[in-house]
Amino acid sequence: MTTESAQAPASTAEKPWPVRTVARKIGDWIHRLGTVWVEGQVTQVNSRPNTQTAFLTLRDPSADVSMSVTCPNWLIREMEPPLREGASVVVHAKPSYFFGRGTISLRADQIRAVGIGELLARIERLRKLLAAEGLFSPQRKRPIPFLPKGVGLITGRASAAERDVLVNAQARWPHVKFKVLNTAVQGSQAVPQIMRALRILDADPEIDVIVIARGGGSVEDLLPFSDEALCRAVSAAGTPVVSAIGHEPDTPLLDHVADLRCSTPTDASKRIVPDVREETERVRQMRDRGRRALHGWVDTQARLLNQIRSRPSLADPLGPVQRRQDDVDLHRERARRAMLTLLAKDQAEVASARARLTALGPAATLARGYAVVQFVDAEGNLQVLRSVSEVEAGAQLRVRVGDGAIGAVAEGEQG
């Protein structure tokens, strides 16, 4: 620490520190920091042949943060393979503060390129972490709408992937509406731009599905699509996301997190919208099946109605009634004849009984000229006289001849 900075009194509003004092204090504090290993993506390389110092810009691929790095020029020239923009590196550096500009940079003494093996190992560790958290679970996958009213497309500007998705999707369904957001699809700017485009499309109510598409490439080119921040952003999105990255063998982590994984951008265009020709043919087939089914049902019901109509009860509905009417008339006639026969028989029996009664009754006797003599017995009852000896002396007699009574005979009179 310099004498000036060590002896500087505390700053106040009345006695503020000059800029040089603040800059020296910050520089003294930063210079006390030790070395650090830093990982990031190289976004800019400035290495001139006739200079001793090379300048780099190191960027965090998951955030909008970058730092300047300086190093000896020979360190860049000796790297194999040559350092290029977009490469992932690990830098051993010490923070350095530039007093005149008031900026902080890293002074590197080692730069190591991250190899393919290390990248794959890191991706595998991240894959296990995300899988353990359930981000790959099939239960989290949302269904893709059969016919989305709007499709969001995130891809590179004027890329083959953009052309494949748009041309094939519109060939399948001409009325599909796309909202295309062009972003970087490799390098240090890819992840922030893709995440920003994802937020924009996810907030749009007219977008029903989002497609993230890119053509094939190396592991380093596809590295942004295995970024942890991007995977978590896709998992948290409210709109279904389709991943169409690279070719069939390429499987970045985004494929596992997305709601639908397509092998290529062309495959994505086939999965997000139906084919109008296929759907038209399917509708025609369903109409034919419906027509045949309806005709079959009508024919079946017609046959059933014919069978029902051919039954005797429906073919001649008045026949059974007429037959029952004939039976009723027959039985009624039989009952009438039986009743007449019974009445005639009873009348004959009555007539016979009447004839017998007439023949045996006193009226017939009287009609032949005989008289009926009655007398009152000792008990006062009126009796028919059958013999004179039955009459006691002094009894009163009553004589009936025919239907008229002659009168009473005096007591003791006989004749």
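The following paragraphs examine the structure supplied in this document. (Residues numbered from 1 in each chain as written. Predicted model: local features only at pLDDT ≥ 70, side-chain atom pairs only at ≥ 80, totals over all residues. Heavy atoms only, no water.)

## Structural notes on the packing of aromatic side chains
In this description, a pair of aromatic rings is defined by centroid distance and the angle of the planes. Keep this limit in mind: Each aromatic pair joins two rings of Phe, Tyr and Trp (for Trp, the six-membered one) with centres within 6.5 Å, and gets the label stacked for planes under 30 degrees apart, edge-to-face for over 60, and tilted for any other angle. Whether a charge lies above a ring is judged from NZ of Lys or CZ of Arg, which has to be within 6 Å of the ring centre and within 35 degrees of the ring normal.
Enumeration over the complete set of coordinates arrives at zero aromatic pairs. The ring centre of phenylalanine 98 lies 4.7 Å from the NZ or CZ of arginine 101, which sits over that ring.

## Side note on a nonpolar patch on the surface
Using the following cut-off: Each patch is built from salt-bridge-free residues with over 30% relative accessible area, joining like charges within 9 Å and nonpolar side chains (Val, Leu, Ile, Met, Phe, Trp, Tyr) within 5 Å. Using a 1.4 Å probe, accessible areas were evaluated by the Shrake-Rupley method; residue-level cover was limited to the displayed protein chains. Here a salt bridge means any side-chain nitrogen of Lys or Arg lying within 4 Å of a carboxyl oxygen belonging to Asp or Glu. Only DSSP runs of H or I with at least four residues qualify as helices, and only runs of E with at least two residues qualify as strands; both kinds are numbered from the N terminus onward.
Together, Met339, Leu340, Leu342 and Leu343 make up a nonpolar patch on the protein surface, roughly 370 Å² of accessible area in all. Structurally, leucine 343 can be placed in helix H12 (residues 318–360).

## Points about unusual backbone geometry
For alanine 158, which is not glycine, the phi dihedral falls at a positive 55°. Within the secondary structure, alanine 158 is located in the loop between strand S6 (151–155) and helix H5 (160–172).

## Section: the nonpolar core
This is how it is decided: Grouping buried Ala, Val, Leu, Ile, Met, Phe, Trp, Tyr and Cys residues that are joined through side-chain atoms within 4.5 Å yields what is termed a nonpolar core. Relative accessibility under 20% of the residue-type maximum defines a buried residue, over 50% an exposed one, and the middle range a partly exposed one, all with a 1.4 Å probe and only protein chains included.
Grouped together as the largest cluster of nonpolar side chains are 34 residues, with contacts concentrated most on Ile154, Ile212, Phe225, Val234 and Val241. Take this core: its biggest share by element is seven residues, from helix H6 (residues 190–202). Residues Val151, Leu153, Val209 and Leu260 belong to the second largest nonpolar core, which totals 19 residues.

## Looking at the pattern of salt bridges
The tally for this structure, following the rule as stated, stands at 15 salt bridges. The shortest N-O distance in the salt bridge between glutamate 133 and arginine 232 comes to 2.7 Å. Here arginine 232 lies in helix H7 (residues 228–236) and glutamate 133 lies in the loop between helix H4 (116–132) and S6, a separation of 99 residues in the sequence. Residue classification places glutamate 133 among the partly exposed residues on the basis of a relative accessible area of 40%.

## Quick look at the sheet that holds strand S7 (residues 178–182)
Under the convention used in this document: Any two strands are treated as partners once DSSP identifies two or more bridges connecting them. Every residue pair with non-hydrogen atoms within 4.5 Å of one another is taken to be in contact. The convention used is that axes are lines fitted to C-alpha atoms, helices contributing only their stretch in contact, and that angles between N-to-C directions extend from 0 to 180 degrees.
Read across the open sheet, the five strands follow the order S7-S6-S8-S9-S10; overall the sheet is parallel. Bordering the open sheet on either side are S7 and strand S10 (260–261), each of which pairs with just one other strand. Set on the sheet, H6 makes contact with S6, S7, strand S8 (209–214) and strand S9 (241–245); between it and S6 the angle comes to about 175°.

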